[in-house]
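# Commentary on secondary and tertiary structure
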Amino acid sequence: MALLELKNINFSYQQEKAVENVRLSIEEGDFVAFIGPNGSGKSTLLKLILGYLTPDKGEILWQGQPASDVMDWSSIGYISQQVKEFNQSFPATVREIVGSNLYNKMGFIKFLNSSLEEKIAQALKLVDMEGFMRRKIGNLSGGQQQRVFIARLMVNDPDLIILDEPLVGLDIKAQDDFYRIIGEIKEKYNKTIIMVSHDIQVISRHANRVVCFEEGQVYSHRAREFSYDDYMYDLRQTNLRIIPRHEH
């Protein structure tokens, strides 16, 4: 059974179609790369999966059941593009940033008990940041901050991790560290990952599925069968038509 299934999803902003007849099945343990030009529907589909938008038509299933009926949203960990734009002078520590994702588990008095403190420590250890717990988040490098935000989502042990262009602005070493950590999380905990990226050559080496977006429609490939050269050739064709080499 698929972890997440999209069945004939349609969504429009007023009269402008954003996604059209999207059919996509994501299995537990998949690492799925979302690629495509700006405005091709990637962000809209993520918002539909996250429940921020409701489909005009179609159905989203979570483990075979309608997501709107059964979804525990803490089962999804999400890092948005906007996370890199937070106020660098915000006086929160790494511990506080990660712990903020445990608010619903803090009880009536809203404090971190020893069990929750252990969750924070384990999440930071997972991203090699356990020694930075008392550091101010604004004093960290971009790569270190990104690791903290991975720890923040992992502290709730999500089933699905969604990463929306998480590597923008990071140097090559930070990007390599990111892929190493995400790879370790996937392998050790069998997490399912959806990641949006414009670095097509790199992500297609890490993902096992590549989903191409074109004018609100999606075309899914096994990563080993995906050709970067064919993809770029098709993008250069008239009207960005990439249909001939794709299958639903």
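Quick note: structure is the one above.
Here goes a summary of the coordinates provided. These numbers come from a predicted model, not from an experiment. Within every chain, residues take consecutive numbers counted from 1 along the sequence as written. This being a predicted model, a pLDDT of at least 70 is required before a residue's local features are given, and a value of 80 or more before pairs of side-chain atoms are given or counted; all residues contribute to the totals for chains, interfaces and linings. Side-chain numbers come from the whole structure's heavy atoms, not from hydrogens or water.

## Digging into the overall build of the chain
- Runs of E in the DSSP output that reach at least two residues are strands. Runs of H or I that reach at least four are helices, and both are numbered from the N terminus. Broken down by element type, the chain carries eight helices and ten strands.
- Taken over 248 residues, the chain has a buried fraction of 50%.
- Between two residues, a contact is recorded if the distance between any of their heavy atoms is within 4.5 Å. Within the chain, counting contacts between residues at least 6 apart in sequence, those at least 24 apart form 69% of the total.
- The Shrake-Rupley method, run with a 1.4 Å probe sphere, supplies the accessible areas, and residue values consider only the shown protein chains as cover. Split by element, the accessible area of the chain, about 13,000 Å² in all, is 46% carbon and sulfur. Only protein chains enter the accessibility calculation, which uses a 1.4 Å probe. A residue is then buried if its area is under 20% of the maximum for its type, exposed if over 50%, and partly exposed in between.

## A closer look at the sheet that holds strand β4 (residues 57-62)
- Pairing between two strands requires that DSSP report at least two bridges joining them. Ordered by their spatial adjacency, four strands build an open sheet running β2-β1-β4-β5, and the pairing between neighbours is antiparallel. The sheet is open, and its two edges are formed by β2 (16-26) and β5 (65-66), each paired on a single side.
- Axis definition: a line fitted to C-alpha atoms, limited for helices to the stretch in contact. Angles are taken between N-to-C directions and run from 0 to 180 degrees. Its contacts with the sheet place helix α1 (residues 42-50) against β1 (4-13), β2 and β4, and it is angled at close to 120 degrees to β1.

## What to know about the pattern of salt bridges
- Salt bridges are defined as contacts in which a side-chain nitrogen from Lys or Arg sits within 4 Å of a carboxyl oxygen from Asp or Glu. Applying the stated criterion across every chain, the model contains nine salt bridges.
- When the shortest N-O distance is used, the salt bridge between Glu117 and Arg95 registers 2.7 Å. With a gap of 22 residues between them, Glu117 in helix α4 (residues 114-126) and Arg95 in helix α3 (residues 94-99) connect regions that are remote in the sequence.
- On the accessibility criterion, Glu117 (23% relative accessible area) is partly exposed.
- Arg95 sits in the buried class, given a relative accessible area of 18%.
- Between Arg180 and Glu184 there is a salt bridge, and its shortest N-O distance comes to 3.5 Å. Of this pair, Arg180 and Glu184 both sit in helix α6 (residues 172-189), four residues apart, which is roughly one turn of that helix.

## What to know about the packing of aromatic side chains
- Pairing of aromatic side chains requires ring centres within 6.5 Å, counting the rings of Phe and Tyr and the six-membered ring of Trp. Pairs whose planes differ by under 30 degrees are stacked, by over 60 edge-to-face, and all others tilted. Inspection of the entire model under this criterion finds four aromatic pairs.
- Between Tyr52 and Tyr78, the ring centres sit 6.2 Å apart and the planes meet at 65 degrees, which makes this aromatic pair edge-to-face. Here Tyr78 lies in strand β6 (residues 76-79) and Tyr52 lies in the loop between α1 and β4, a separation of 26 residues in the sequence.

## With respect to the packing of helix α5 (residues 142-154) against α6
- Where α5 contacts α6, the axes come no closer than 10 Å and their chain directions differ by 20 degrees. In terms of their interaxial angle, α5 and α6 are classed as roughly parallel. For α5 against α6, the interelement crossing comes out right-handed. When α5 is examined against α6, the residues Gly143, Gln146, Arg147, Ile150 and Met154 are found in contact with a partner set consisting of Ala174, Asp177, Phe178, Ile181, Ile182 and Ile185.
- Classes in brief: Ala, Val, Leu, Ile, Met, Phe, Trp, Tyr, Cys and Pro nonpolar; Asp, Glu, Lys and Arg charged; the others, Gly included, polar. In terms of residue class, the contact of α5 with α6 is made up of seven nonpolar, two polar and two charged. Angles are sorted into four bins: roughly parallel if under 35 degrees, roughly antiparallel if over 145, roughly perpendicular if 65 to 115, and oblique for all others. Two helices crossing with the near one rotated counterclockwise from the far one by less than a right angle form a left-handed crossing, whereas a clockwise rotation gives a right-handed crossing.

## A word on the pairing of strand β8 (residues 192-196)
- Buried residues dominate β8, accounting for five of its five residues.
- Burial along β8 is two-sided: the face carrying Thr192, Ile194 and Val196 and the face carrying Ile193 and Met195 are both buried.
- Strand direction decides the pairing type here: strand β3 (residues 31-35) and β8, joined by four bridges, are parallel. Along β8, the bridge assignment pairs Phe34 with Val196.
- Strand direction decides the pairing type here: strand β7 (residues 160-164) and β8, joined by five bridges, are parallel. Along β8, the bridge assignment pairs Asp164 with Val196.
- A crossover counts as right-handed when, viewed with the strands pointing away from the observer, the path leading from the first strand over the helix to the second turns clockwise. Taken together, β7, α6 and β8 constitute a β-α-β crossover, and its handedness is right-handed.

## Side note on the environment of Tyr189
- Tracing the backbone through its elements, the reader meets Tyr189 in helix α6.
- Between the C-alpha atom of Tyr189 and that of Asp157, which follows or precedes it by 32 residues, the distance is 9.2 Å.

## Some details on the sheet that holds β8
- If you walk across this open sheet you meet the six strands as β6-β7-β8-β3-β9-β10, and the pairing is mixed. Two strands close off the open sheet at either side, each with one partner strand: β6 and β10 (217-222). Across the sheet, the axes of successive neighbouring strands diverge by a mean angle of 15 degrees, strand direction being ignored.
- As defined by bridge partners, strand β9 (residues 209-214) adjoins β10 across six bridges and the pair is classed as antiparallel. In the sheet register, Glu214 faces β10, and the bridge partner there is Gln217.
- On the sheet, α1 packs against β3, β6, β7, β8, β9 and β10 and is oriented at approximately 150 degrees with respect to β7.
- On the sheet, α5 packs against β6 and β7 and is oriented at approximately 160 degrees with respect to β6.

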